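Structural characterization, general
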Amino acid sequence: MRFESLAIHAGQEPDPLTGAVVPPIYQTSTYKQDGVGGTRGGYEYSRTANPTRKALEECLAALETGTAAFAFASGMAAEDCLLRTLCRPGDHVLIPADAYGGTFRLFAKVLTNWGISYDTVPQTDLEAVRDALKNRETKLVWAETPTNPLLSVVDLEALAGVAHEAGALLVADNTFASPYLQRPLELGADVVAHSTTKYIGGHSDVVGGALLTNDEELDAAFAFLQNGAGAVPGPFDAYLTMRGLKTLAVRMDRHCANAARVADMLAGHPAVSRVFYPGLPEHPGHKTAATQMRAFGGMVSFRVAAGAARAVEVCGRTRLFTLGESLGGVESLIEHPARMTHASVTGSPLEVPADLVRLSVGIEDADDLLDDLSQALS
Ligand code: PLP
């Protein structure tokens, strides 16, 4: 089956007992055993496995072309499981000089306390990555593409080559692209991480995360810590995420089309000094994005020519774009990264420009979105 069909059917056979077309929400913590050890289908306790979560995991694995997927209570919980599975005290990791603020905080404020060190490097500069890997033995390279919030694009296939040459694993945070637009495992990444809160859930009504691999050893290690540490989503959250996932392809098509219109409009607007959108031919990562992504995504960032105070004002003046954190939902959102999503990177090498505004372009009517931005910028 192809992507759109897998999104609706993978892991989601009609319920064998009733024929229910939608996998039931198995709102149960435990399962009756037919005699000690006599589990039905292996289910014994819902932290370890739950049929609703399993349906979501099977669907995610099919869409990212992984051998297995592991669902978590949030994207950060997935990242935490990934890093505590792969890294040990004394290990070193390389992270992008432009990454989601929460990911940076996890490295800088949490994992350093457990003896895991990090360096930041601009991953669009493969020579800089190669040098950093030469200078220090490195356990893994963390990539995000496109990045949050500056929409840098990393050549995943080339980066996988550089990481593997140095004996490091490549982890790709695929949250901004979603598996519909980009599949890092096919490009050589060892692990894919997602905040399913975003495009995968798609409706701003559920927080979740996922890890995917196509390596059975890693699968077993993630399964161990998913159960061992237990940051799993409840069955209702798994159901909501799966419900969103069914329409990922059609939503992404509209997100991409609307974002392209928004980026074009902003690129010609006198109040805007710079637009960050991989779909614009002048974007430095445009060619790479055109090769490794199906389309250019629904996220657009821009700098306001009149400076930071004006950028904050613009964020408060939109009516259709809702001022709020997060992204990837059907409704359009606007935010000021320096004071909101990326406040945690202030003073670090990842600090974002204070005149930057980030848009999550939703699937409303594109003309309404353009009208709203025009009035906010005027
Ligand atoms: N990765 C990226 C690129 C994100 O944008 C986010 C959240 O904004 C996360 C990871 C963390 O995910 P969550 O908020 O679901 O914990």
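Since we're looking at a predicted model, the values are computed, not measured.

Reading guide: rules and limits
- Residues numbered from 1 in each chain as written.
- Predicted model: local features only at pLDDT ≥ 70, side-chain atom pairs only at ≥ 80, totals over all residues.
- Heavy atoms only, no water.
- Domains from an automatic or database assignment.
- Contact = heavy atoms within 4.5 Å.
- Buried area = accessible area lost by both parts, 1.4 Å probe.
- 1 Å grid on protein atoms, 1.4 Å probe; cavity = no way out; pocket = protein on both sides within 12 Å on 5 of 7 lines; lining within 4 Å.
- Points joined across faces, edges and corners; volume = space filled by probe spheres on them.
- Helix = DSSP H or I, 4+ residues; strand = E, 2+ residues; numbered from the N terminus.
- Nonpolar A, V, L, I, M, F, W, Y, C, P; charged D, E, K, R; others polar.
- Pairing = 2+ DSSP bridges.
- Buried < 20%, exposed > 50% of the residue type's maximum accessible area, 1.4 Å probe, protein only.
- Axes fitted to C-alpha atoms, helices over the stretch in contact; angles between N-to-C directions.
- Right-handed = clockwise from strand over helix to strand, strands pointing away.

So, on to the domain arrangement of the chain. The domain boundaries assigned to the chain delineate domain 1 (3-246) and domain 2 (249-377). Distance from the C-alpha centre of domain 1 to the C-alpha centre of domain 2: 25 Å. Taken together, the contacts link 43 residues of domain 1 with 40 residues of domain 2. Here domain 1 and domain 2 share an interface that buries about 3200 Å² over both sides, 63% of which is from carbon and sulfur atoms.

Next up on the list: empty space enclosed by the protein. Under the definition given, this model contains 2 cavities of 30 Å³ or more. Considered as a void within the structure, the largest cavity measures approximately 50 Å³ in volume. Around the largest cavity sit Leu-56, Ala-71, Phe-72, Thr-196, Val-206, Val-207, Gly-208, Gly-209, Pro-233, Asp-237, Ala-238 and Thr-241, which together line it. Those elements giving two or more residues to the lining of the largest cavity turn out to be strand 1 (68-72) and helix 9 (235-245). In the lining of the largest cavity, the residues fall into 7 nonpolar, 4 polar and 1 charged. Each pocket or cavity is described by its volume, and for the second largest cavity that value is around 30 Å³. Considering the residues around the second largest cavity, the lining is formed by Pro-146, Leu-151, Phe-176, Ala-177, Met-293, Phe-296, Gly-297, Gly-298 and Met-299. Looking at the lining of the second largest cavity residue by residue, the class counts come to 7 nonpolar, 2 polar and no charged. Two domains share the lining of the second largest cavity, each providing at least three of its residues, namely domain 1 (3-246) and domain 2 (249-377).

Moving on, we get to the side chain of Asp-219. One can find Asp-219 in helix 8 (residues 216-229). When sequence neighbours within four positions are dropped, the list of residues in contact with Asp-219 reads Thr-67, Ala-68, Phe-70 and Thr-213.

On to the sheet that holds strand 9 (residues 299-304), then. Strand pairing in a sheet takes place through backbone hydrogen bonds and is either antiparallel or parallel in direction. Reading across the sheet, the 5 strands line up as 8-9-12-11-10 and stay open at both edges, with mixed pairing between neighbours. Whereas interior strands pair on both sides, the edge strands pair on one side only; in this sheet they are strand 8 (272-276) and strand 10 (322-323). Sheet topology places strand 8 next to strand 9; 4 bridges connect them, and they run antiparallel. Its bridge partner lying in strand 9, Phe-276 is registered against Ser-301.

A few words on the environment of Ala-158. Positionally, Ala-158 belongs in helix 6 (residues 156-165). A relative accessible area of 23% means that Ala-158 is categorised as partly exposed.

Now for the sheet that holds strand 7 (residues 209-213). Strand order in the open sheet formed by 7 strands is 1-7-6-5-4-2-3, with mixed pairing between adjacent strands. Two strands close off the open sheet at either side, each with one partner strand: strand 1 and strand 3 (117-121). Neighbour-to-neighbour, the strand axes of this sheet turn through a mean angle of 20 degrees, independent of strand direction. Here strand 2 (residues 92-96) runs beside strand 4 (residues 140-144); their pairing, made up of 2 bridges, is parallel. Paired with Leu-94 across the strands is Val-141, a residue of strand 4.

With that settled, consider the pairing of strand 5 (residues 169-173). Two faces belong to every sheet, and in a regular strand the side chains alternate between them. The buried count for strand 5 comes to 4 of 5 residues, which makes it a mostly enclosed element. Direction of pairing for strand 4 relative to strand 5: parallel, over a ladder of 5 bridges. In the sheet register, Trp-142 faces strand 5, and the bridge partner there is Val-171. Handedness of the crossover joining strand 4 and strand 5 through helix 6 is recorded here as right-handed. Pairing of strand 5 with strand 6 (residues 191-195) involves 3 bridges; the strand directions are parallel. Looking across to strand 6, one finds that Asp-173 is bridged to Ala-193.

The subject of this paragraph is the layout of surface pockets. Of the voids in this model, the largest pocket is the one considered here, and its volume is about 500 Å³. Residue lining of the largest pocket: 18 residues in total, with Asp-15, Pro-16, Tyr-26, Tyr-43 and Pro-51 positioned closest to the centre. A class-by-class count of the residues in the lining of the largest pocket yields 9 nonpolar, 3 polar and 6 charged. Computed from the structure, the second largest pocket encloses a volume of approximately 370 Å³. Of all the elements in the fold, those that place two or more residues in the lining of the second largest pocket are helix 3 (75-86) and strand 6. When residues in the lining of the second largest pocket are grouped by element, the largest group, 4 residues, is from helix 3. When grouped by side-chain class, the residues that make up the lining of the second largest pocket number 7 nonpolar, 9 polar and 6 charged. Mapping the lining of the second largest pocket onto the domain boundaries places at least three of its residues in each of domain 1 (3-246) and domain 2 (249-377).

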